[in-house]
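Spelled out, the chains give:
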Amino acid sequence: MKKQLFAIILLLSCNTLFAQRSSWKLVWQEEFNYRGLPDQAKWNYETRGNATGWGNNEKQFYTDTDSLNAYVSKGTLKITARKESREGKSYTSARLSTAGKAEFKYGKIEVRAKLPAGKGTWPAIWMLGNDIGKTGWPTCGEIDIMEHVGYDKDSIHGTIHTQAYNHTKGTQKGKSVYISRPYDKFHVYAIEWTGEKMDFLLDGKKYYTVVNEHLSTNEWPFDKPYYLILNVAVGGNWGGKYGIDDSVFPVAMEVDYVRVYEKK
C-alpha cells in the first residue's frame with residue numbers, strides 16, 4: 001500500500017512539473033556557447049553614466065568592448081570588476097544590456113549565474129522600461145531580478161521601483177532571501193511576470209510577489225516592454241556602505257545562460 005501511495009505521489013508530482021514547464025515557450029536565449037566578446041547582435045555596452053556614478057555614487061568605470069571586463073569562454077560570460085584607474089575612477093567593470101535588441105513584455109526571465117565575492121561588490125540582474133529616454137527614472141519602472149551586495153554574504157534581493165515605490169522615497173517593494181554558496185555555486189534567478197503580478201524566484205522557488213493594485217502607472221508601469229541589464233558595480237550608496245575590500249579584485253559574475261519564456 002505504501003509503495004502504491006508513493007508511486008501515485010511521484011506521478012502527480014511529475015505531471016505537475018511537466019504542466020508547469022509545458023505552459024512556457026522559449027522565445028529568446030543567450031547560452032554563451034562561443035568564445036570572445038559578448039555577441040553584439042544581442043548586447044550593448046552601457047557607459048553613459050560613468051561621469052555621474054550612475055546616480056548611486058558607484059566607483060567603477062564601465063568599459064566598452066574590453067575583454068578584461070566582459071568576455072565569453074568555456075560556456076559562460078564573465079563580467080569582471082578590476083582594480084585599475086580609468087577616467088578618474090579607481091575600478092573598471094562592464095554593464096551589458098539588450099536595449100533596442102531584445103525587449104520583453106511579460107513572461108518568465110531566467111538567469112543562471114555565480115556571483116562575485118567581496119565587500120564592495122554589487123552585481124545585478126535587472127530590467128528597465130524601454131521608455132526611460134522619454135520618461136526618465138523611476139517613471140519608466142525598474143525590475144531587480146537579483147541584486148547582491150558583498151557585505152551581506154548570504155542574501156540576494158528582488159525589488160521593483162516605480163514612481164510611487166522607489167528607494168529614494170524608501171517605499172520600494174522588495175524582499176531579501178537566504179542563498180547558499182552564491183560565490184562557488186550557480187543559482188537560477190528568475191521572475192514570472194504577468195499583467196496581474198510579478199513573482200520572484202530563486203532556483204525555481206517563489207519567495208516574493210508584487211501584485212498589480214490597478215491604481216495607475218505610478219504604481220504599476222509594468223505593462224510595456226523592458227530590456228535586460230547585467231552588471232557588476234563597485235561601491236556606491238548601497239554596495240559601498242561598509243567600504244571596499246581591494247584585496248578581492250579582480251572578481252567576476254559568471255553567467256551561464258539567459259532565457260526568456262512566454263506563456264503558450
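About the thresholds
Within any chain, residue numbers begin from 1 and follow the written order of that chain's sequence. Only residues with pLDDT of at least 70 get local features here, since the model is predicted, and only at 80 or more are side-chain atom pairs given and counted; chain-wide, interface and lining totals rely on the full set of residues. Heavy atoms throughout the structure, all of them, feed into the side-chain values; hydrogens and water do not. Starting at the N terminus, helices and strands are each numbered in turn, a helix being any DSSP run of H or I of at least four residues and a strand any DSSP run of E of at least two. Here the globule rule is a power law, 2.2 Å times the number of residues to the power 0.38, and the radius of gyration is based on C-alpha atoms. A simple rule labels every residue: compare its accessible area, found with a 1.4 Å probe on the protein chains alone, to the largest value its type can have, and call it buried under 20%, exposed over 50%, or partly exposed in between. Note on contacts: a residue pair is in contact if any heavy atoms of the two residues lie within 4.5 Å. Salt bridge, as used here: a side-chain nitrogen of Lys or Arg that lies within 4 Å of a carboxyl oxygen of Asp or Glu. Within this scheme, the nonpolar core is defined by two criteria: the residues are buried Ala, Val, Leu, Ile, Met, Phe, Trp, Tyr or Cys, and they are joined through side-chain atoms within 4.5 Å. Each pair of strands is called paired provided DSSP finds at least two bridges between the two strands.

Novice: Which residues make up the overall build of the protein chain, and what are the values?
Specialist: Within the protein chain, the secondary structure is distributed over 3 helices and 18 strands. Against the globule reference of 18 Å for 264 residues, the protein chain gives a C-alpha radius of gyration of 19 Å, in line with a compact fold. Based on the C-alpha atoms only, the size of the protein chain along its principal axes is roughly 70 × 45 × 35 Å. The buried share of the protein chain, reckoned over its 264 residues, is 50%. Across the protein chain, the fraction of contacts at a sequence separation of at least 24, relative to all contacts at a separation of at least 6, is 71%.

Novice: An account of the pattern of salt bridges is needed here, citing residue identities and associated values.
Specialist: Per the counting criterion, the structure on display carries 13 salt bridges. Between R95 and E46 there is a salt bridge whose closest N-O contact spans 2.7 Å. Pair noted here: R95 is in strand β7 (residues 95–97) and E46 is in the loop between β2 (44–45) and β3 (60–62), with a separation of 49 residues, a long-range link. Accessibility assignment for this pair places R95 and E46 in one class, buried. A salt bridge links R86 to D66, with the shortest nitrogen-to-oxygen separation between them at 3.5 Å. In this pair, R86 sits in strand β5 (residues 76–86) while D66 sits in the loop between β3 and β4 (70–73), placing the two residues 20 residues apart along the sequence. You can call R86 partly exposed: its relative accessible area is 26%. Exposure remark for D66: the relative accessible area of 16% places this residue in the buried category. Each member of the salt-bridge network shares a partner with another, and the members are D66, R82, E84 and R86.

Novice: Quick one: what's the story with the nonpolar core, residue by residue and with numbers?
Specialist: Core analysis: the biggest nonpolar cluster contains 50 residues, and M127, I143, Y189, W193 and M253 have the highest contact counts within it. For I143, the contacting residues outside a window of four places in its chain are W126, M127, T159, I191, W193, M198, F200, F222 and Y226. Judged by nonpolar contacts, the second largest core, of 6 residues, contains A124, W126, L128 and Y227.

Novice: Explain the pairing of strand β14 (residues 187–193) residue by residue, including any values.
Specialist: On any regular strand, side chains alternate: one points to one face of the sheet, the next to the other face. Extensive coverage of β14 is indicated by the burial of 6 of its 7 residues. Bridge analysis of strand β9 (residues 107–114) against β14 gives 7 bridges, and the strand direction is antiparallel. By the bridge assignment for β14, A113 is matched with H187. Here 5 bridges tie β14 to strand β15 (residues 197–202), and the two strands are oriented antiparallel to one another. Residue pairing in the sheet places Y189 in a bridge with L202 of β15. Adjacent in sequence and paired antiparallel, β14 and β15 are bridged by 3 residues.

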